Amino acid sequence: MRRPVRSHEEVHALKKSSTTVQEPPGAVVHRTTPPPAWQPRTDPAPLLPDREPYRVLGTEAVADTDPELLLRLYAELVRGRRFNAQATALTKQGRLAVYPSSTGQEACEVAAALVLQEQDWLFPSYRDTLAVVARGLDPVQALTLLRGDWHTGYDPREHRIAPLSTPLATQLPHAVGLAHAARLKGDDVVALAMVGDGGTSEGDFHEALNFAAVWNAPVVFLVQNNGFAISVPLAKQTAAPSLAHKAVGYGMPGRLVDGNDAPAVHTVLAEAVRRARSGGGPTLIEAVTYRIEAHTNADDATRYRGDAEVEAWRAHDPVRLLEHELTERGMLDEDGIRKAADDADAMAARLRDRMNAEPELDPMDLFAHIYAEQTSQLREQAAQLRAELDASAEPADETPGQGEAR
């Protein structure tokens, strides 16, 4: 038997009647839409990044940039490029176990170091050696971890630089925790955390951004989007319009900047640091750049990208971009270019000489800087090693005729 066809009014009346019969008195009626009082917690419009990366070079904004800053950026870029070349050579000579070059990304590295004040903290990833050197760390200490001979290689508290983080994105929650603690204590401290595009796929990245926004922590996140997480292109990691758009989901502003434009990166980072310092909370910045060299000296980049792509990015080289701008404006001449190159070569020569010297290692350092107070097991192991070292240092007793041919 076919059911009778009912009009729209009859169907509405039946639904209303059914609801009235099934729901007990005082029950909350199910709503298909949120109540009228619902509204977004945060207006998303101001948090959205611009459609195009922010630029300074080649625009009118250059005229408003401090000339001394531009020249300082240039000198640091040249120095950083030479540092990368020397460190890569040290891997081929067996003086470094591994080196993740940041050639092509020097603008991000240098700008990150120069925007911070002395009391601020830098939280680098494993590729951010240039940033820690530009902040003032001894280059040999910066390479010690990659040399494999002593813990982090430096005292993080002394330099306010966290250890170069090899695990992806694990330094980000640490940066948020330090920044939040500083805010609770009333300290004037901003934390700048650096990460690659590959790190944005890690859970630590999302947890850090969420806590930072909820706590309004004075922290700045700088994502260096260099195109690849080792061999994985960005398109296979995320479908978001940009990595900067991810900021909106956590309630913080996202900024998009040309990562090869040194003054542009410095400008955007400086604004974010000022905002964080004044109580405005965190910012996520995506710097669009490119890793010219392989992931590390152990990587074969030709297996996942072509020469034409690399050459296209060489035409957008951060050192040459700034050099061209400065020479066009009469702020840099051949003598200035030569002086910057000579200073960089001198730095590389000192680094090479010091890295070629055999390090003086103390095996007892194995037990140092593990716990504030050593455990009983570590004390026992340390005592055992000390006894073995003392025994090996004592001259061996030789009996007459020992070592002679029989």
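Residues numbered from 1 in each chain as written. Predicted model: local features only at pLDDT ≥ 70, side-chain atom pairs only at ≥ 80, totals over all residues. Heavy atoms only, no water.

Caption draft 1: Just the pairing of strand β6 (residues 254-258), in detail. Taken across its 5 residues, β6 has 4 buried, putting it largely inside the fold. For the segment spanning β6, helix α9 (residues 262-277) and strand β7 (residues 283-288), crossover handedness is right-handed. (Buried < 20%, exposed > 50% of the residue type's maximum accessible area, 1.4 Å probe, protein only. Helix = DSSP H or I, 4+ residues; strand = E, 2+ residues; numbered from the N terminus. Right-handed = clockwise from strand over helix to strand, strands pointing away.)

Caption draft 2: Here's a closer look at a nonpolar patch on the surface. A cluster of nonpolar side chains, F211, V214 and W215, forms an exposed patch at the surface whose accessible area comes to about 300 Å². When you line up the elements, V214 lands in helix α8 (residues 203-215). (Patch = residues over 30% accessible without salt bridge, like charges linked within 9 Å, V, L, I, M, F, W, Y side chains within 5 Å. Areas by Shrake-Rupley, 256 points an atom, 1.4 Å probe, with all protein chains shown as cover. Salt bridge = Lys/Arg side-chain N within 4 Å of Asp/Glu carboxyl O.)

Caption draft 3: Spotlight on the pattern of salt bridges. Scanning the model with the defined rule gives 19 salt bridges in all. Between R82 and D345 there is a salt bridge, and its shortest N-O distance comes to 2.9 Å. Of this pair, R82 sits in helix α2 (residues 67-92) while D345 sits in helix α12 (residues 334-356), and the two are 263 residues apart along the sequence. R82 gets classed as partly exposed once you look at its relative accessible area, which sits at 24%. Taking relative accessible area as the criterion, D345 reaches 38% and is therefore assigned partly exposed.

Caption draft 4: View of the nonpolar core. Counting 61 residues, the largest nonpolar core has Y74, F83, L192, V220, L269 and L322 as the members making the most contacts within it. Those residues in contact with V220 that lie beyond four places of it in its chain are V190, A191, L192, A193, L269, A272, V273, A276, T283 and I285. A179, V189, F205 and A208 belong to the second largest nonpolar core, which has 26 residues in total. (Core = buried A, V, L, I, M, F, W, Y, C linked by side-chain atoms within 4.5 Å. Contact = heavy atoms within 4.5 Å.)

Caption draft 5: Region of interest: the packing of helix α5 (residues 139-147) against α12. One can describe the packing of α5 onto α12 by two numbers: an axis separation of 11 Å at closest approach and a directional angle of 45 degrees. The orientation of α5 relative to α12 falls into the category oblique. Classified by chirality, the crossing of α12 by α5 is right-handed. Contacts from P139, V140, L143 and R147 of α5 reach α12 at L351, R354 and M355. Classifying every residue of the contact of α5 with α12 gives 5 nonpolar, no polar and 2 charged. (Axes fitted to C-alpha atoms, helices over the stretch in contact; angles between N-to-C directions. Parallel < 35°, antiparallel > 145°, perpendicular 65-115°, else oblique. Left-handed = near helix turned anticlockwise from the far one by under 90°. Nonpolar A, V, L, I, M, F, W, Y, C, P; charged D, E, K, R; others polar.)

Caption draft 6: Expanded view of the sheet that holds β7. What the 5 strands build is an open sheet, ordered β1-β2-β3-β7-β6; its pairing is parallel. The open sheet terminates on both sides in strands that have one partner only, identified here as β1 (121-123) and β6. The sheet shows a mean angle of 20 degrees between the axes of neighbouring strands, direction not considered. In terms of strand pairing, strand β2 (residues 191-196) meets strand β3 (residues 219-225) through 6 bridges, oriented parallel. (Pairing = 2+ DSSP bridges.)

Caption draft 7: Representation of the environment of V257. Tracing the backbone shows V257 in strand β6. Linking V257 and V268, residues 11 residues apart in sequence, is a C-alpha distance of 7.3 Å. The residues touching V257, leaving out its near neighbours within four places in the chain, are P53, Y54, A264, V265, V268, I285, E286, A287 and V288.

Caption draft 8: Here's a closer look at the environment of L114. If you trace the backbone, L114 turns up in helix α3 (residues 106-114). Discounting residues that sit within four places of it in the chain, L114 has contacts with R72, L73 and H266.

Caption draft 9: Examining unusual backbone geometry more closely. Notably, N216 is not glycine yet its phi reads approximately 55 degrees, a positive angle. In this structure, N216 sits in the loop between α8 and β3. On the basis of relative accessible area, N216 is assigned to the partly exposed category, the value being 26%. A positive phi angle, close to 55 degrees, is found at I230, a residue other than glycine. By the element assignment, I230 lies in the loop between β4 (228-229) and β5 (232-233). For I230, a relative accessible area of 42% translates into the label partly exposed.

Caption draft 10: Local environment of the environment of L164. Within the secondary structure, L164 is located in the loop between α6 (156-159) and α7 (171-185). In this structure L164 comes out as buried when scored by relative accessible area, which is 6%. If near-sequence neighbours (up to four positions away) are discounted, L164 is found in contact with P124, S125, Y126, D128, T129, V132, A142, L145 and Y154.

Caption draft 11: Quick look at α9. Taking 1.5 Å per residue as the helical rise, α9 with its 16 residues ought to reach 22 Å, and the 22 Å between its terminal C-alpha atoms agrees with that figure. The complete set of buried residues in α9 reads A262, P263, A264, V265, H266, V268, L269, A270, A272, V273 and A276. Positive backbone phi, approximately 95 degrees, marks G279, located one or two places after α9. (Expected span 1.5 Å × (residues − 1).)

Caption draft 12: Geometry of the packing of α3 against α9. Where α3 meets α9, the closest approach of the two axes is 9 Å, and the angle between their N-to-C directions is 40 degrees. Here α3 lies oblique to α9, going by the angle between them. Remark: the crossing between α3 and α9 carries right-handed chirality. Here α3 contributes A107, C108, A111, A112 and L114 to the contact with α9, which in turn contributes A262, V265, H266 and L269. In terms of residue class, the contact of α3 with α9 is built from 8 nonpolar, 1 polar and no charged.

Caption draft 13: Just the packing of aromatic side chains, in detail. Tallying each qualifying case throughout the model produces 6 aromatic pairs. Measuring from ring centre to ring centre gives 5.3 Å for F228 and Y304, while their planes differ by 50 degrees; the resulting arrangement is tilted. Taken together, the positions of F228 in strand β4 and Y304 in the loop between β7 and α10 (307-314) put the pair 76 residues apart, joining distant regions of the chain. When its relative accessible area of 10% is taken as the criterion, F228 is described as buried. Pairwise contacts between aromatic rings join F228, Y290, Y304 and W313 into one cluster. (Phe/Tyr/Trp six-rings, centres within 6.5 Å; stacked < 30°, edge-to-face > 60°.)

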